[in-house]
Amino acid sequence: MNKKYFIPVGILVGLGLILVLLPQKKTYDEMPAEELLRQVASSSRFISPDAIADRIIKKDPSMLLIDVRSEDLFREFSLPGAMNIPIQEIFKPEQTELLSQEGIEYIFFSTDDIIADQAWILCKRKGLKNIYVMKGGLNEWFNTFFLNQPPAETASGEEIALYQFRSGVRQYFTGGVTVTVQKPAGETITVTTKKKKSAAEGGC
């Protein structure tokens, strides 16, 4: 077997127990195992935190973020606008109906990208489409936007633009400012956030 398939095969074997517990009724056209292995070996399913943050800011209606962690972890912290579908519940009838809507890109995420990748494999095996994974999960989200280090004085214009974009995203999600930042591709976007209410000003 080609070495590039070793890891994908290991992932599929690890999912065996979950697959046994899945409903036996075949509702969707299941993806052939060879095609699934080919897609698992590809990185095309991954979307970067930068691209996801940009779509959140722009309120892209074609994207739906799915947190596949437990409900307890979801309550502690998740991404803005995300909904919680724990991986164990991914094939409940109401969830499969949700994940089958046309014109929507579903982006799974977890603490890293392991559980999200498992959920992606399960959904692809059952024939669901437009399913993606946030690369690196929430760990990579924090590393990208909250541990963003200033570029060196010798940095290229692209590196500087990327730093400015990520700094603007951080300000957007922490609130209180209006800034204009330039994305690496050269597109300028204005990031506006509402000032958080203090206890004296009221609000929840």
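Calculation criteria
Residues numbered from 1 in each chain as written. Predicted model: local features only at pLDDT ≥ 70, side-chain atom pairs only at ≥ 80, totals over all residues. Heavy atoms only, no water. Helix = DSSP H or I, 4+ residues; strand = E, 2+ residues; numbered from the N terminus. Areas by Shrake-Rupley, 256 points an atom, 1.4 Å probe, with all protein chains shown as cover. Buried < 20%, exposed > 50% of the residue type's maximum accessible area, 1.4 Å probe, protein only. Arc of directions from axis to C-beta. Contact = heavy atoms within 4.5 Å. Core = buried A, V, L, I, M, F, W, Y, C linked by side-chain atoms within 4.5 Å. Pairing = 2+ DSSP bridges. Axes fitted to C-alpha atoms, helices over the stretch in contact; angles between N-to-C directions. Phe/Tyr/Trp six-rings, centres within 6.5 Å; stacked < 30°, edge-to-face > 60°. Lys NZ or Arg CZ within 6 Å of the ring centre and 35° of its normal.

Draft legend 1. How the structure looks around the overall build of the protein. Within the protein, the regular secondary structure consists of nine helices and seven strands. If you sum the accessible surface of the protein, you get close to 12000 Å²; carbon and sulfur atoms cover 54% of it.

Draft legend 2. Molecular detail of helix 8 (residues 137–145). Every buried residue of helix 8 is accounted for by Gly137, Leu138, Trp141, Thr144 and Phe145. The arc enclosing the buried residues of helix 8, seen along the axis, measures out at 125°, which places them on a common side. Against the buried residues of helix 8 lie helix 4 (49–57), strand 4 (105–109), strand 5 (131–134) and helix 9 (157–174).

Draft legend 3. Quick look at the nonpolar core. With 23 residues, the main nonpolar core has Ile90, Leu99, Phe108, Trp120, Cys123 and Ile131 as its most contacted residues. If you list the elements that add at least two residues to this core, you get helix 3 (33–41), strand 4, helix 7 (114–125) and strand 5. In this structure, Ile57, Leu79, Met134 and Val169 belong to the second largest nonpolar core, which totals 18 residues.

Draft legend 4. Summary view of the sheet that holds strand 4. Taken together, five strands build an open sheet; the order of strands is 1-5-4-2-3 and the sheet is parallel. The open sheet terminates on both sides in strands that have one partner only, identified here as strand 1 (46–47) and strand 3 (83–84). As defined by bridge partners, strand 4 adjoins strand 5 across three bridges and the pair is classed as parallel. Its bridge partner lying in strand 5, phenylalanine 108 is registered against valine 133. Here helix 4 sits on the sheet in contact with strand 1, strand 2 (63–67), strand 4 and strand 5, set at roughly 120° to strand 2.

Draft legend 5. Up close: the environment of aspartate 113. Here aspartate 113 lies in the loop between strand 4 and helix 7. Taking C-alpha positions, aspartate 113 is 8.2 Å from leucine 138, a pair spaced 25 residues apart along the chain. Once you skip the residues sitting within four places of it in the chain, aspartate 113 turns out to touch Phe46, Val133, Met134, Lys135, Gly136 and Gly137.

Draft legend 6. Expanded view of the packing of aromatic side chains. What the rule picks out here adds up to five aromatic pairs. Judged by centre distance (5.3 Å) and plane angle (45°), the ring pair of phenylalanine 77 and phenylalanine 142 falls under tilted. Of this pair, phenylalanine 77 sits in the loop between helix 5 (71–76) and strand 3 while phenylalanine 142 sits in helix 8; the two residues are 65 residues apart in sequence, bridging distant segments of the chain. Given the relative accessible area of 35%, phenylalanine 77 is considered partly exposed. Ring centres 5.0 Å apart and planes at 90° place the aromatic pair tyrosine 172 and phenylalanine 173 in the edge-to-face group. For phenylalanine 173, a relative accessible area of 23% puts it in the partly exposed group. An aromatic cluster is defined as three or more aromatic residues linked by ring pairs; in this entry it consists of Trp141, Phe145, Tyr172 and Phe173. Its guanidinium or amino end placed over the ring of tryptophan 120, arginine 45 lies 4.7 Å from that ring's centre, counting from NZ or CZ. Its guanidinium or amino end placed over the ring of phenylalanine 46, lysine 135 lies 4.3 Å from that ring's centre, counting from NZ or CZ.

Draft legend 7. Representation of unusual backbone geometry within the structure. Here lysine 59, not a glycine, exhibits a phi torsion of approximately 55°, which is positive. With respect to the helices, strands and loops of the structure, lysine 59 is situated in the loop between helix 4 and strand 2. Residues other than glycine seldom take positive phi values, yet asparagine 130 does so here, at roughly 55°. Residue position: asparagine 130 is located in the loop between helix 7 and strand 5.

Draft legend 8. Here's a closer look at the side chain of glutamine 95. Structurally, the position occupied by glutamine 95 is in helix 6 (residues 93–98). Once residues lying within four places of it in the same chain are set aside, the contact partners of glutamine 95 are Ile85, Glu89 and Ile90.

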